[in-house]
Amino acid sequence: MTNPAPSPELLARLVCPVTKGPVHYDPTSNSIISVKAGLAFPVRDGIPVMLPEQATRLDAGQATRG
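Let us look at the structure shown here. Here the structure is a predicted model, which is why all the values come from computation and not from measurement. (Residues numbered from 1 in each chain as written. Predicted model: local features only at pLDDT ≥ 70, side-chain atom pairs only at ≥ 80, totals over all residues. Heavy atoms only, no water.)

**Things to note about the pairing of strand 2 (residues 31-34)**
Where burial is concerned, the two faces of strand 2 agree: the one with Ser31 and Ile33 and the one with Ile32 and Ser34 are both buried. In the sheet, strand 1 (residues 24-26) pairs with strand 2 via three bridges, with the strands oriented antiparallel. Its bridge partner lying in strand 2, His24 is registered against Ile33. For strand 2 and strand 3 (residues 39-44), the ladder comprises four bridges, and the chain directions are antiparallel. Note that in strand 3 the partner of Ile33 across the bridge is Ala40. Counting the residues that bridge the hairpin from strand 2 to strand 3 gives four residues, and of these Gly38 lies at a positive phi of roughly 70°. (Buried < 20%, exposed > 50% of the residue type's maximum accessible area, 1.4 Å probe, protein only. Helix = DSSP H or I, 4+ residues; strand = E, 2+ residues; numbered from the N terminus. Pairing = 2+ DSSP bridges.)

Structure, rendered in structure tokens:
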């Protein structure tokens, strides 16, 4: 069973809670990516968990993509 992606309407309204900058959805990791903050926020049951303490740090290669 796969996790559903967030709706396009929701994704259009999201910003990074740390930088207030743009984010994008990465279907490979099922995460919301903030390149500027270098963070990946998890998506659980189609709902982005936009809490900095729940995010994981991106490595240098991941941070430059997007």
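**Things to note about the environment of Ala37**
With respect to the element layout, Ala37 can be found in the loop between strand 2 and strand 3. C-alpha of Ala37 to C-alpha of Pro17: the two residues are 20 residues apart in sequence and 9.3 Å apart in space. Once residues lying within four places of it in the same chain are set aside, the contact partners of Ala37 are Cys16, Val18, Thr19 and Arg57. (Contact = heavy atoms within 4.5 Å.)

**Quick look at the pairing of strand 3**
In terms of burial, strand 3 is largely enclosed, as five of its six residues are buried. Looking at chain direction, strand 3 and strand 4 (residues 47-48) are connected through two bridges and run antiparallel. Opposite Val43, over in strand 4, you have Pro48 as the bridge partner. With antiparallel pairing between neighbouring strands as the criterion, strand 3 and strand 4 make up a hairpin whose turn holds two residues, including Asp45 at a positive phi of roughly 55°.

Honestly, that's just the spatial picture; any functional story needs more than this.
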